[in-house]
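# Remarks on the overall topology
Given next are the chains, with one letter for each unit.
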Amino acid sequence: MNKNLRKAVIAGNWKMNKTRPETLALINEIKPLAADAGCEVVVCVPFTNLETAVGAVKGTNIKVGAQNVHFEKSGAFTGEISADMLVEAGVDYVIIGHSERRRYFGETDETVNKRVKAALQAGLIPIMCVGELLWEREADITQEVVARQIKLDMAGFSSAEVKKTVIAYEPVWAIGTGKTATSEQAGEACGLIRSVIAKLHGKDTANAVTIQYGGSMNAQNAAELVAMPDVDGGLIGGASLKSADFGEIIKAASVK
Ligand code: 13P
């Protein structure tokens, strides 16, 4: 497995935070910190801040992402946004199947599968989230849970589609709790995901897929996590809202 063949992606998931002026200010702070990044840098902002963010990153190496996308092209789906709408807005990435969507908004493996497929068809890069609950880890079924999610969420995908998808391993018990997975736990789960993909699509595809870790990643623990052979960057919540912390994480992921 050659980690250097893969693109490490550091993506901030701002969740439901920041006004438009705050978005502009935070991106302006991140710009110099990302200028020499040796990894891809993405900010995933609320829908209403996309236009501001896309304008603010013009001429930089920072990419903008959304936090959800619907699978239909258009129609009577109140409150939803299509992949074409995101493309039109200048968005490159979209987070899909975050555990908060699964937990609070009825997202299922079936809808995650459809959303990722729609995003890929529109030319967006999906950041597809998987991860086990605390009681699943305690029951020692992390491997089964994560393997099942990968198999269902990517069911029917070609190897080319799998390669274009960024996968975020986010153990649900580590999100917003300050409880980070150890680097061994993160590395083991990302390695498991890669082996599931290798079985389904072959080693070349598995070696090419970017697999991030997410869950209480911060300026202090990022270096150790992203140094694991199967961890290709991170999906960061809380720490992505502070430019200095986000900058440290970018720096950690830029070390070759
Ligand atoms: P925290 O970094 O705040 O734990 O959030 C992680 C996350 O959910 C990123 O998508």
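Described in the following lines is the structure provided in the data block. All of these numbers come straight from a predicted model, not from anything done at the bench.

As a packed pair, helix α1 (residues 20-34) and helix α2 (residues 50-57) sit with axes 9 Å apart at the nearest point and diverge in direction by 25 degrees. Here α1 is positioned roughly parallel relative to α2, judged by the angle of their axes. Judged by the twist between their axes, the crossing of α1 over α2 is right-handed. Of the residues in α2, those touching α1 at R20, T23, L24, I27 and K31 are T52, A53, A56 and V57. When its residues are assigned to classes, the contact of α1 with α2 shows five nonpolar, two polar and two charged.

On to the site of the ligand. Inspection of the region around the ligand gives N13, K15, H98, E170, A174, I175, G176, G215, S216, L235, G237 and G238 as its neighbouring residues. One nitrogen or oxygen atom from the side chain of K15 is found 2.8 Å from an oxygen atom belonging to the ligand. E170 places a side-chain nitrogen or oxygen 2.9 Å from an oxygen atom of the ligand. Calculation on the ligand without its partners gives an accessible area of 300 Å², and the protein chains cover 94% of this total.

On to the environment of A219. Locating A219 in the fold gives a position in the loop between β7 (211-214) and α11 (222-226). Remark: the alpha-carbon pair of A219 and E248, spanning 29 residues in sequence, is separated by 5.3 Å. Setting aside anything within four residues of it in sequence, one finds A219 in contact with D245, E248 and I249.

Counted according to the given criterion, the structure contains zero disulfides. C44 supplies the cysteine sulfur nearest to C39, a cysteine that is in no disulfide, at a spacing of 13 Å. Overall, C39 belongs to the buried group, its relative accessible area being 10%. Here C44 is not disulfide-linked; the sulfur of C129 is the nearest cysteine sulfur, at 9.1 Å.

What follows deals with the sheet that holds strand β6 (residues 166-169). Strand pairing within a sheet occurs via backbone hydrogen bonds; the two strands may be parallel or antiparallel. One closed barrel accounts for eight strands, arranged β1-β2-β3-β4-β5-β6-β7-β8; its pairing is parallel. Pairwise comparison of adjacent strand axes, ignoring direction, gives a mean angle of 25 degrees for this sheet. With four bridges connecting them, strand β5 (residues 125-130) and β6 associate as parallel partners. Pairing of I127 across the sheet is with V166, part of β6.

The rules we used
Residues numbered from 1 in each chain as written. Predicted model: local features only at pLDDT ≥ 70, side-chain atom pairs only at ≥ 80, totals over all residues. Heavy atoms only, no water. Axes fitted to C-alpha atoms, helices over the stretch in contact; angles between N-to-C directions. Helix = DSSP H or I, 4+ residues; strand = E, 2+ residues; numbered from the N terminus. Parallel < 35°, antiparallel > 145°, perpendicular 65-115°, else oblique. Left-handed = near helix turned anticlockwise from the far one by under 90°. Contact = heavy atoms within 4.5 Å. Nonpolar A, V, L, I, M, F, W, Y, C, P; charged D, E, K, R; others polar. Near = heavy atom within 4 Å. Polar contact = N/O pair within 3.5 Å; in protein donor to acceptor, adjacent residues only side chain to side chain. Areas by Shrake-Rupley, 256 points an atom, 1.4 Å probe, with all protein chains shown as cover. Disulfide = S-S within 2.5 Å. Buried < 20%, exposed > 50% of the residue type's maximum accessible area, 1.4 Å probe, protein only. Pairing = 2+ DSSP bridges.

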